[in-house]
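# Structural description and commentary
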Amino acid sequence: MITTALTPALVHGAAELERTPRGLRPHRLPAWVRTRFPDPQLLMMEAQPSGVRLRLRTTARTVTLVSHPTRLVYRGADRPRGAVDLVVDGEPVASEPLDGGDVIETDLGTGSTELRPGPACTTTFTGLREGDKLVEVWLPHNESVELVELRTDAPVAPAEPAGPVWVHHGSSISHGSNATSPTRIWPAVAARLGGADLRNLGFGGSALVDPFLARTIRDLPADLISVKLGINVVNLDGMRLRTFVPAVHGFLDTIRDGHPTTPLVLASPIFAGIHEDTPGPGAVDPDSLGTDQVRFVATGRPEEVQQGKLTLRVVRDALAAVVAGRDDPNLHYLDGTTLYGADDAAEHPCPTACTPTPPPTGSSASGSPRTPSPARARSPTGCAPGPDGFTRPPLGTAVRRRVPGRPPRARPVPPRPRSVRWSPRRRRRSGRR
């Protein structure tokens, strides 16, 4: 077998490769983002190489990749492993689940975590057809990996990317949370059908209209750009309508600084029943803890929409208005409910009660995950762990405690104070200027 040095020329879909004691760790965000905003959730998601693949030309009939995975599991929940997929001449031909690697186990009840080191994983594909061919090895979308070694029974050479470059940003639905393997995440399927060169910037629980994401997209080469926003903002209860709309305009303005005429699609959230008319934040249903399927509920109140809180209906209307109000013939709005609406939810209900999560045999993506803080668990930005175990409780997920014999109640929200006329004295006391 021939061992080939792993270099950036062989790796596609990553921002950069970090040298580690074991090998190379792909990152989907550049170092300046990771340094300026080292949010644990974002760092975990960007290190999971969704859409990242090795791309090479070879006559080899056997390809072996040695990697060292790191995965998050929840005590008492079944979380199937990630996988490495083989694509030959554009067609997926094999998928192998990961084994070994390090495990970070989290107790959802206490928030405590434990690291369990493990061995490297060796993935081998045999029986490839004879002759020269384009071989792609797609890395797991839901576990971070360090690339240790590439072995083949014939020499390999880097393969240049082909097709228009498609840059996509979204939540865990775009990350591919509950897809069963990396080539089955929906952006990979769409890119394959459209002949596009995918750069996936879907980050579970982290599609929060962050300016640094807009700058990242601005600085990338792109022939098509799509941005899917809304579910994480609502689940987190991170913005009000007054701040959300200008933030989206600013996000689009930054992208247009680098791509003034590139086709750009702004997509709104798909259907999620708990947040259609009820604002966030969400909360973990305590009855679902300790099972293999955590569920969420919305803890806001519908009447809070009048105070500027966001629901998915409000977000869709706002995004449609943003697109309509911009003089940009290459900007297009896509209503997420045309992809998955109320009728779809009735036929294919979501086990998490948040966004669609397929059974273990399914292949679509879903959810808007967030990792719980080791110290506490309240206030979600995303969805629950699905059957494949990728989606996870949001940072600070609120677990509603139940009293036997009493129905659960959401944490009360203080009423909005009456509008008053601000006097100079009130301004000084409140700090308002």
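Let me sum up the structure you'll find in this document. (Residues numbered from 1 in each chain as written. Predicted model: local features only at pLDDT ≥ 70, side-chain atom pairs only at ≥ 80, totals over all residues. Heavy atoms only, no water.)

### A few points about the overall build of the chain
How we decide: Each helix corresponds to a stretch of at least 4 residues labelled H or I by DSSP, and each strand to a stretch of at least 2 residues labelled E; elements are numbered beginning at the N terminus. Burial classification: accessible surface area is computed with a 1.4 Å probe over protein chains only, and a residue below 20% of its type maximum counts as buried, one above 50% as exposed, and the rest as partly exposed. Residue contacts are defined here by distance: any two heavy atoms, one from each residue, within 4.5 Å place the two residues in contact. Every accessible area reported is derived by Shrake-Rupley at a probe size of 1.4 Å, with residue values counting cover from the shown protein chains alone.
Regarding its fold elements, the chain presents 10 helices and 22 strands. Looking at the chain as a whole, 55% of its 433 residues are labelled buried. Counting contacts in the chain only where the partners sit at least 6 residues apart, residues at least 24 apart contribute 75% of the total. When the accessible surface of the chain is totalled, it reaches about 18800 Å², and 53% of it is carbon and sulfur.

### Some points on the packing of helix 7 (residues 241–258) against helix 8 (residues 312–324)
Counted only if it meets this: Here, axes are lines fitted to C-alpha atoms. For helices the fit covers the stretch in contact, and angles between N-to-C directions go from 0 to 180 degrees. Oblique is the label for any angle not under 35 degrees, not over 145, and not in the 65 to 115 range, which are roughly parallel, roughly antiparallel and roughly perpendicular in turn. Note on convention: the crossing is left-handed when the near helix lies turned anticlockwise from the far helix by less than a right angle, right-handed when the turn is clockwise. Residues are sorted three ways: Asp, Glu, Lys and Arg are charged, Ala, Val, Leu, Ile, Met, Phe, Trp, Tyr, Cys and Pro are nonpolar, and all the rest, Gly among them, are polar.
Two elements in contact, helix 7 and helix 8, have axes whose closest approach is 10 Å; the angle formed by their N-to-C orientations is 40°. As the angle between them shows, helix 7 and helix 8 are arranged oblique. As helix 7 packs across helix 8, the resulting crossing turns out to be right-handed. Here L241, F244, V245, V248, H249 and L252 of helix 7 lie close against helix 8, whose contacting residues are V314, V315, A318, L319 and V322. A per-class count over the contact of helix 7 with helix 8 returns 10 nonpolar, one polar and no charged.

### What about the side chain of R25?
Going by this rule: As used in this structure description, the phrase polar contact means that two N or O atoms lie within 3.5 Å; if the pair is within protein, one of them must be able to donate a hydrogen and the other to accept it, and residues adjacent in sequence are counted only when both atoms belong to side chains.
Within the element layout of this structure, R25 appears in strand 4 (residues 24–27). Side chain to side chain, R25 and E146 meet in a polar contact 3.3 Å long. Sequence-distant contacts of R25, defined by excluding residues within four places in its chain, comprise E16, L17, E18, T20, S144, V145 and E146.

### Observations regarding the pattern of salt bridges
What counts here: Salt bridges, as used here, are contacts in which a Lys or Arg side-chain nitrogen is within 4 Å of a carboxyl oxygen on Asp or Glu.
Taken as a whole and judged by the stated rule, the model has 26 salt bridges. In this structure, R218 and D219 form a salt bridge, with 2.8 Å as the shortest nitrogen-oxygen distance. Through salt bridges with shared partners, one network takes in D237, R240, R301, E303, E304 and K309.

### Quick word on the sheet that holds strand 18 (residues 264–267)
Two pairing modes exist for strands in a sheet, parallel and antiparallel, and in both the strands are linked by backbone hydrogen bonds. Using the following cut-off: Only strands joined by at least two bridges in the DSSP assignment are considered to pair.
The five strands lie next to each other as 16-15-17-18-21, forming an open sheet whose pairing is parallel. This sheet does not close on itself; its edge strands, each paired only once, are strand 16 (197–202) and strand 21 (331–334). Ignoring which end each strand starts from, the neighbouring axes of this sheet average 15° apart. Bridging between strand 15 (residues 165–170) and strand 17 (residues 224–228) involves four bridges; their strand directions are parallel. Residue W166 lies in a different strand from strand 17, and its bridge partner there is L224. Here helix 4 (residues 186–194) sits on the sheet and contacts strand 15 and strand 16; the angle it forms with strand 15, its principal contact strand, is near 160°.

### Description of the pairing of strand 11 (residues 121–125)
Going residue by residue along strand 11, you find C121, T123 and F125 tucked away on one face and T122 and T124 left uncovered on the opposite face. As paired strands, strand 6 (residues 63–74) and strand 11 are joined by five bridges and run antiparallel to one another. Pairing of V66 across the sheet is with T122, part of strand 11.

### Looking at the packing of helix 5 (residues 211–218) against helix 7
At a minimum axis separation of 8 Å, helix 5 and helix 7 run at an interaxial angle of 20°. Between helix 5 and helix 7, the interaxial angle falls into the category roughly parallel. Helix 7 is crossed by helix 5, and the crossing has right-handed handedness. Residues L213, A214, R215, I217 and R218 of helix 5 lie in contact with helix 7, whose contacting residues are F251, T254, I255, D257 and G258.

### Here we look at the environment of L139
Summarising the element assignment, L139 is placed in the loop between strand 12 (133–138) and strand 13 (144–152). Here L139 falls in the buried class, since its relative accessible area comes to 1%. Once the C-alpha coordinates of L139 and P182 are considered, the two residues, 43 residues apart in sequence, prove to be 6.6 Å apart. In this view, L139 contacts P26, P49, V52, R53, L65, A83, V145, L147 and P182; residues no more than four positions away in its chain are not counted.

### Let's talk about the nonpolar core
Counted only if it meets this: Working definition of a nonpolar core: buried Ala, Val, Leu, Ile, Met, Phe, Trp, Tyr and Cys residues. They are joined through side-chain atoms within 4.5 Å.
In this structure, V227, F244, V248 and L266 are the most contacted members of the largest nonpolar core, which totals 40 residues. Within the residue set of this core, elements represented by two or more residues are helix 2 (40–46), strand 15, helix 5, strand 17, helix 6 (231–236), helix 7, strand 18 and helix 8.

### A few points about helix 8
Applied cut-off: Expected helix span is given by 1.5 Å per residue-to-residue step, counting one fewer step than there are residues.
Its 13 residues give helix 8 an end-to-end C-alpha distance of 18 Å, which sits within 8% of 18 Å, the value for a rise of 1.5 Å per residue. Looking at the buried positions of helix 8, the neighbouring elements they touch are helix 6, helix 7, strand 18 and strand 21.

### Thoughts on the side chain of H12
Secondary-structure assignment places H12 in strand 2 (residues 11–12). A distance of 3.2 Å separates a polar side-chain atom of H12 from the backbone oxygen of A159. Other than its neighbours up to four places away in sequence, H12 contacts G51, V52, R53, R55, A159, E160 and P161.

### A closer look at helix 4
At 3.6 residues per turn, the α-helix brings residues three or four places apart onto the same side. Short version of the rule: Picture the helix axis, draw a direction to every C-beta atom, and the arc is the one those directions span.
The set of residues buried in helix 4 consists of P187, A188 and A191. Viewed along the axis of helix 4, the buried residues span an arc of 100°, placing them on a single side of the element. Looking at the buried residues of helix 4, the elements they touch are strand 12, strand 15, helix 3 (172–175) and strand 16.

### A closer look at unusual backbone geometry
With an omega of 5°, the peptide bond running from G280 to P281 counts as cis. Assignment of secondary structure puts P281 in the loop between strand 18 and strand 19 (282–284). Positive phi outside glycine occurs at V209, with the angle close to 60°. With respect to the secondary-structure elements, V209 resides in the loop between strand 16 and helix 5. The buried category is assigned to V209, whose relative accessible area is 5%.

### Brief notes about the pairing of strand 9 (residues 102–106)
In terms of burial, strand 9 is a largely internal element, four of the five residues being buried. The turn joining strand 9 and strand 10 (residues 113–116), which pair antiparallel and follow one another in sequence, is formed by six residues; a positive phi near 80° is taken by G111.

Fair warning: the whole summary comes from geometry, so function is off the table for now.
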